[in-house]
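Listed here are the chains, written in short residue letters.
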Amino acid sequence: SSIYLIVTAIFNTFWHLRITKQIKTELEDDECIPYGKYLTLLSFLFILLSYFDKIIIGFVNIEMLAVFAISIKLFETVKGIIKSFYTVSFPKFAQYNIKIELDKVLLLMFAGTIAGIILYFISEPVIVYFYTESYRESATVFKKLLFVLPLIFINPLFSNKINAEKNKSKIIAIKIFTPAGSILISILTFIITKDLEYFILSKVYSIQVLNFVVLSPIFLKIKKN
């Protein structure tokens, strides 16, 4: 947790300073504060939905909660680091009508694939070293979560675009409906398989896939030959 706090603080401070330098206008936006409150409320609901899987695991098998908690926490740390790199894109989307080109999306997905492969091979010995052999299963689950990393490399970019453009229908979709959909999918998966690992994996995979489906078709600009 301390490592996550330090890394997140460093990245957030860095991008905050970068964004502050790019904001040159002195015009006031009367919609800024109400819109900020709107995003905060949706984020609060999103957090409640995000903790659903941990509650279920605690009720079903409290011993497995620690194993999955480490896997999920490490995965969330990786997500947080990736998302911090996209913070600088928000003011650009807010000021300019920037299109997200297909070739850029494919390049980011390729970068996510490479990062996933690297983490796949180095994560298990690192986790076992710091958490001992007893938590090797946490490393196994974490490695399986990495398969969705290519989508995590691009979804924050789409998310920043809709936030900057104040596309409330899309914001509600990714803050409320896609998390709710992922919960439904994970519940059905658990009912069918009776396996907590599949429950976790299906929740993480489905929310990223649903976000990609909701966001990407609107903003991809496919060049015609």
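Everything below is about the structure printed above this text.
This report concerns the structure included in the present document.

Rules and cut-offs
- Residues numbered from 1 in each chain as written.
- Predicted model: local features only at pLDDT ≥ 70, side-chain atom pairs only at ≥ 80, totals over all residues.
- Heavy atoms only, no water.
- Phe/Tyr/Trp six-rings, centres within 6.5 Å; stacked < 30°, edge-to-face > 60°.
- Lys NZ or Arg CZ within 6 Å of the ring centre and 35° of its normal.
- Axes fitted to C-alpha atoms, helices over the stretch in contact; angles between N-to-C directions.
- Helix = DSSP H or I, 4+ residues; strand = E, 2+ residues; numbered from the N terminus.
- Parallel < 35°, antiparallel > 145°, perpendicular 65-115°, else oblique.
- Left-handed = near helix turned anticlockwise from the far one by under 90°.
- Contact = heavy atoms within 4.5 Å.
- Nonpolar A, V, L, I, M, F, W, Y, C, P; charged D, E, K, R; others polar.
- Buried < 20%, exposed > 50% of the residue type's maximum accessible area, 1.4 Å probe, protein only.
- Polar contact = N/O pair within 3.5 Å; in protein donor to acceptor, adjacent residues only side chain to side chain.

The final tally for this structure, using the stated rule, is six aromatic pairs. Here the aromatic residues Tyr-120, Phe-121 and Phe-147 are joined through ring pairs into a cluster of three or more. Over the ring of Tyr-120 we find Lys-143, and its NZ or CZ is 4.5 Å from the ring centre.

Turning our eyes to something else, we now look at the packing of helix H6 (residues 102-131) against helix H7 (residues 136-145). The description of two packed helices rests on the angle between their axes and on the distance between the axes. Interaxial distance between H6 and H7 falls to 8 Å at its minimum, and their mutual angle equals 160 degrees. Relative to H7, the element H6 lies roughly antiparallel. In terms of crossing hand, the pair formed by H6 and H7 is right-handed. Taking contact as the criterion, the partners of Tyr-120, Ser-123, Glu-124, Ile-127 and Val-128 in H6 are, on H7, Arg-136, Ala-139, Phe-142 and Lys-143. Looking at the contact of H6 with H7 residue by residue, the classes come out as five nonpolar, one polar and three charged.

On to the side chain of Asn-155, then. Along the polypeptide, Asn-155 turns up in helix H9 (residues 155-164). Judged by relative accessible area, which is 5%, Asn-155 ranks as buried. In terms of polar contacts, Asn-155 uses its side chain to reach the side chain of Gln-208, at 2.9 Å. Contact partners of Asn-155, with chain neighbours within four places excluded, come to Gln-208, Asn-211, Phe-212 and Leu-215.

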